[in-house]
Amino acid sequence: MIEAAIGRDPSGQVTSFEVTHHGDSHVCAAVSMLVINTVNSIEAFTQADFTCDCNEEEGGYLSFTLNTPRGEPIGGQAGLLLDAMVLGLESAAAQHPNELIMKAK
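Residues numbered from 1 in each chain as written. Predicted model: local features only at pLDDT ≥ 70, side-chain atom pairs only at ≥ 80, totals over all residues. Heavy atoms only, no water.

Examining the sheet that holds strand β4 (residues 61-66)
The five strands are arranged β3-β4-β2-β1-β5 in an open sheet whose pairing can be described as mixed. The sheet is open, and its two edges are formed by β3 (50-55) and β5 (100-104), each paired on a single side. The sheet shows a mean angle of 10° between the axes of neighbouring strands, taken without regard to direction. In this sheet, β4 lies alongside strand β2 (residues 14-20) in antiparallel orientation, the contact comprising four bridges. In the strand pairing of β4, valine 19 is matched with leucine 62. Contacts from helix α1 (residues 26-45) reach β1 (2-8), β2, β3, β4 and β5 within the one sheet, and its direction differs from that of β4 by about 30°. (Pairing = 2+ DSSP bridges. Helix = DSSP H or I, 4+ residues; strand = E, 2+ residues; numbered from the N terminus. Axes fitted to C-alpha atoms, helices over the stretch in contact; angles between N-to-C directions. Contact = heavy atoms within 4.5 Å.)

Some remarks on the pattern of salt bridges
By the definition in use, this model includes one salt bridge. Residue glutamate 3 pairs with lysine 103 through a salt bridge whose shortest N-O separation is 3.0 Å. Placement of the pair is glutamate 3 in strand β1 and lysine 103 in strand β5, with a sequence separation of 100 residues. (Salt bridge = Lys/Arg side-chain N within 4 Å of Asp/Glu carboxyl O.)

Quick word on the packing of α1 against helix α2 (residues 76-95)
Interaxial distance between α1 and α2 falls to 10 Å at its minimum, and their mutual angle equals 175°. It follows that α1 is roughly antiparallel to α2 by the angle criterion. From α1, Val31, Leu34, Val35, Thr38, Ser41, Ile42 and Phe45 reach across to α2, where they touch Gln77, Ala78, Leu81, Leu82, Met85, Gly88 and Leu89. (Parallel < 35°, antiparallel > 145°, perpendicular 65-115°, else oblique.)

Focus on the nonpolar core
With 24 residues, the main nonpolar core has Phe17, Phe64, Leu82, Met85 and Leu100 as its most contacted residues. If you list the elements that add at least two residues to this core, you get β1, β2, α1, β4 and α2. Tallying contributions element by element places α2 first for this core, with seven residues. Among residues more than four places away in sequence, those in contact with phenylalanine 64 are Thr15, Ser16, Phe17, Val39, Ile42, Phe50, Thr51, Cys52, Leu82 and Lys105. (Core = buried A, V, L, I, M, F, W, Y, C linked by side-chain atoms within 4.5 Å. Buried < 20%, exposed > 50% of the residue type's maximum accessible area, 1.4 Å probe, protein only.)

A look at the pairing of β1
Among the seven residues of β1, five are classified as buried, and the element is accordingly described as predominantly covered. With five bridges connecting them, β1 and β5 associate as parallel partners. Its bridge partner being in β5, alanine 5 is matched across the sheet by lysine 103. The loop that links β1 with its antiparallel partner β2 comprises five residues; one of these, glycine 12, has a positive phi angle of about 100°.

Structure follows, in structure tokens:
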């Protein structure tokens, strides 16, 4: 089962995520495309500073964290892209509850 953990700051803005336990199903492919496209879009279209770690050999692991100075809001374009990713993951989890679980990080 794929697990997607979403980290938020005190205001509720998404600041990080971690996706683990990918397999070979169409849901896994959709989740992979969604999270990788989000990381690529943040890199290409924003000035956000972030850390990303990915390891396909360990069951499809991807970890992403926005790096911002303490107390600074996330928001902006990176925040919108992360919100869109979470919306997609929540929709996939609702449609495929036996293959994808969402949790707080």
